[in-house]
Structures are given as C-alpha cells and as structure tokens.
Amino acid sequence: MIIDYSQRTNIDVRYRKQKADGRAGWNDCYQMRFVQINEFLARYSIPQHCRILELGCGAGNIVLYLAERGYEAFGIDLSPEAIAWAEEKKTLLGLSATFSLGNIIELADYSTDYFDCIIDGECLQMVIGSDRKQCLSNICRVLKPAGLFVAAALLLNESLQDRYYINPDNIFDPQTQCLTQHGLPYYYLSREKEFFTELNTAAFEILELKRSPPKHTDHPLIASRISVVARKIKY
C-alpha cells in the first residue's frame, strides 16, 4: 500500500506550512539535487525535448528545473496541496510542464513506452508490500525500451532485531521493515539485495550504483542510502 489518506492529509498540512513560511517545497535541499540531475543528464547524454517524469514531484521544483532546460517535463504526486503549488510556480515562471494528481503505483495517466527517463523523488520508499512489485512494473511499462530509471532506497540496519519505538505512536518493525504510525505502515526500509532483486524482476538492469551515508548519521534504523540508474531491458 502507498500512504493512506490520513498520512496524505499530514503531507498536505506540511506543504501548506512550508509554502506559508516561504520555503522552496518539502525541504530546501534542491540545489544538491539539481547538481545530481545535471550530472545524470550529462553522463547519459539525455538530449533536450526528451520526456522525463518525476515520481513524487512535490511543489514541482525539479520538474520545472527540467522544463526550463528544454525537457518535456512531467510530475506526479498524491498531495493536492503540492500539485496546486507546482501549478502556481509553473504559471509564475511561464514554463511548460505537466503535473498530475495521482498514484505512482498505477501511473494510470500515462501510456506504455511514453517516457525516456523517470526520476524517483524519493517516494518509492513510501510504497509498501505487494504494491512495490506493481509500482515497479508500471514504471517499466511507461518507460520506452532502454529508458532510464533513477531510483533510491534507504537501507535497513540489519543488526536491529527488535521493534524500535521512535515514540509510542511511531514504531519500526524489523519483521515488516516498515515504520508505522498509529499502527499504519507508511515508510519502507530496504535490504540491498532485495532492492536489486525488485529492479531485476521488473525488467531493469542496473547501470550505476552509489552508496552514501544517511542524512542523519546517528539514526539507528538506517545503515546507508543507495541510489541507482537502471535501464529498462529491451524485449
């Protein structure tokens, strides 16, 4: 399952607050992301006018950055507040981009073999259980043959054997590998081999792999962060 409606409402509240406080979006860490995206576009020689989709686009910063550079840019997010904010930014900047309110598990608005690249806006971690297989299958479906997928995962600290209580209502269960809030799962921590298997099963081959420490290095749940560039295998 992806985040349930109660969690989505919490996300909407955060976006409203961030906007009211004059912030850039979900956070203010976009300059580093822009550098990473530029490096990816250059390294894989992605020509302008290619179609690129960001999963979990939030307030649209990355999508609009791509649009400004001549790409046919798309974004999808489950938060109405985020999509409305992205649309406002698009109008203000006078850019052409397409934002959709929707579910990244189904990607129902997009046809088969439509995108040249898909970028995970770090929302794949919010897809849980059997929905992960469906989500990756649909990502593969909407990518063109040999299309590229930029994905990331936070890796579980596998030495953790017992349930970990962040607070009484926010608990990590090492058996399900999920963080839960009020008993509902909302965030998934991967095992490295498992993450690779998920991608391979969905017909991706991994071209590039990077490991980095988590943002909060003292966090007991997370061993590291992994990012990959994967290519849809041509049939």
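All of these numbers come straight from a predicted model, not from anything done at the bench.

Colleague: Help me understand the environment of Trp85 in this model?
Modeller: Relative to the helices and strands, Trp85 is located in helix H4 (residues 80-93). Among the residues examined, Trp85 registers a relative accessible area of 6% and is labelled buried. Sequence separation of Trp85 and Gly60 is 25 residues, and the distance between their C-alpha atoms is 7.7 Å. In this view, Trp85 contacts Tyr15, Gln18, Lys19, Arg23, Ala24, Gly25 and Ala59; residues no more than four positions away in its chain are not counted.

Colleague: How do you make sense of the pattern of salt bridges when you look at a structure like this?
Modeller: For side chains bearing opposite charge, pairing can occur when the charged atoms are close. Counting across every chain of the model gives 15 salt bridges. The residue Arg43 makes a salt bridge to Glu208 at a minimum N-O spacing of 2.8 Å. Here the residue Arg43 occupies a position in helix H2 (residues 30-43), and Glu208 occupies one in strand S10 (residues 204-212), the gap between them amounting to 165 residues. Judged by relative accessible area, Arg43 falls into the partly exposed class, the value being 42%. Among the residues examined, Glu208 registers a relative accessible area of 15% and is labelled buried. A salt bridge links Glu198 to Arg132; the nearest nitrogen and oxygen atoms lie 2.8 Å apart. With a gap of 66 residues between them, Glu198 in helix H6 (residues 192-201) and Arg132 in helix H5 (residues 131-142) connect regions that are remote in the sequence.

Colleague: What am I meant to see in unusual backbone geometry here?
Modeller: Trans peptide bonds make up the majority, and among non-glycine residues the majority have a negative phi. Positive phi, close to 50°, is recorded for Leu107, a residue that is not glycine. Structurally, the position occupied by Leu107 is in the loop between strand S3 (98-101) and strand S4 (115-120). Its identity as a non-glycine residue notwithstanding, Ala146 has a phi of 70°, on the positive side.

Colleague: Just to check I follow, could you spell out the packing of H2 against helix H3 (residues 61-68) for this structure?
Modeller: Packed helices, taken two at a time, are described by the angle their axes make and the gap between the axes. Packing of H2 against H3 brings their axes to within 11 Å, and their N-to-C directions diverge by 45°. Judged on the interaxial angle alone, H3 and H2 are oblique. Handedness of the H2/H3 crossing: right-handed. Residues Tyr30, Arg33, Phe34, Ile37, Asn38 and Leu41 of H2 form the contact with H3, whose own contacting residues are Asn61, Ile62, Tyr65 and Leu66. A per-class count over the contact of H2 with H3 returns 7 nonpolar, 2 polar and 1 charged.

Colleague: Just checking my understanding: could you explain the nonpolar core for this structure?
Modeller: The nonpolar side chains of a soluble globular protein tend to be buried with one another. Grouped together as the largest cluster of nonpolar side chains are 32 residues, with contacts concentrated most on Leu55, Ile139 and Phe149. Those residues in contact with Ile139, other than ones at most four positions away along the chain, are Leu55, Leu107, Ile118, Phe149 and Phe204. Ile37, Leu41, Phe99 and Ile119 belong to the second-largest nonpolar core, a separate cluster that totals 26 residues.

Colleague: Looking at this model, I keep getting lost on the side chain of Glu208. Mind explaining?
Modeller: Here the side chain of Glu208 touches Arg43 through a polar contact of 2.8 Å, side chain to side chain. Among the polar contacts listed, one links the side chain of Glu208 to the side chain of Tyr44, at a separation of 2.7 Å. The contacts of Glu208, once residues within four sequence positions are left out, are Arg43, Tyr44, Ser227, Val228 and Val229.

Colleague: What's the story with the sheet that holds strand S6 (residues 164-167) in this structure? I'm lost.
Modeller: Pairing is antiparallel in the open sheet, where 4 strands are placed in the order S6-S7-S8-S9. Two strands in the sheet have a free side with no partner beyond their single neighbour: S6 and strand S9 (184-188). Here the average twist between neighbouring strands, direction ignored, is 25°.

Colleague: Got a minute to help me understand H3 in this structure?
Modeller: Residues spaced three or four apart along an α-helix face the same direction, because each turn holds 3.6 residues. Where burial is concerned, most of H3 is hidden: 7 out of the 8 residues are buried. Looking only at H3, the buried set comprises Asn61, Ile62, Val63, Leu64, Tyr65, Leu66 and Ala67. Just past H3, the residue Gly70 takes up positive phi, approximately 95°.

Colleague: I keep staring at the sheet that holds strand S11 (residues 222-232) and nothing clicks. Help me out?
Modeller: By way of backbone hydrogen bonds, the strands of a sheet pair with one another, either parallel or antiparallel. With mixed pairing, the 7 strands of this open sheet are ordered in space as S3-S2-S1-S4-S5-S11-S10. Looking at which strands have only one partner, the edges of the open sheet turn out to be S3 and S10. Taking the axes of each pair of neighbouring strands and ignoring which way they run, one obtains an average angle of 15° across the sheet. Sheet analysis places strand S1 (residues 51-55) next to strand S2 (residues 72-77), joined by 5 bridges and oriented parallel.

The rules behind these values
- Residues numbered from 1 in each chain as written.
- Predicted model: local features only at pLDDT ≥ 70, side-chain atom pairs only at ≥ 80, totals over all residues.
- Heavy atoms only, no water.
- Helix = DSSP H or I, 4+ residues; strand = E, 2+ residues; numbered from the N terminus.
- Buried < 20%, exposed > 50% of the residue type's maximum accessible area, 1.4 Å probe, protein only.
- Contact = heavy atoms within 4.5 Å.
- Salt bridge = Lys/Arg side-chain N within 4 Å of Asp/Glu carboxyl O.
- Axes fitted to C-alpha atoms, helices over the stretch in contact; angles between N-to-C directions.
- Parallel < 35°, antiparallel > 145°, perpendicular 65-115°, else oblique.
- Left-handed = near helix turned anticlockwise from the far one by under 90°.
- Nonpolar A, V, L, I, M, F, W, Y, C, P; charged D, E, K, R; others polar.
- Core = buried A, V, L, I, M, F, W, Y, C linked by side-chain atoms within 4.5 Å.
- Polar contact = N/O pair within 3.5 Å; in protein donor to acceptor, adjacent residues only side chain to side chain.
- Pairing = 2+ DSSP bridges.

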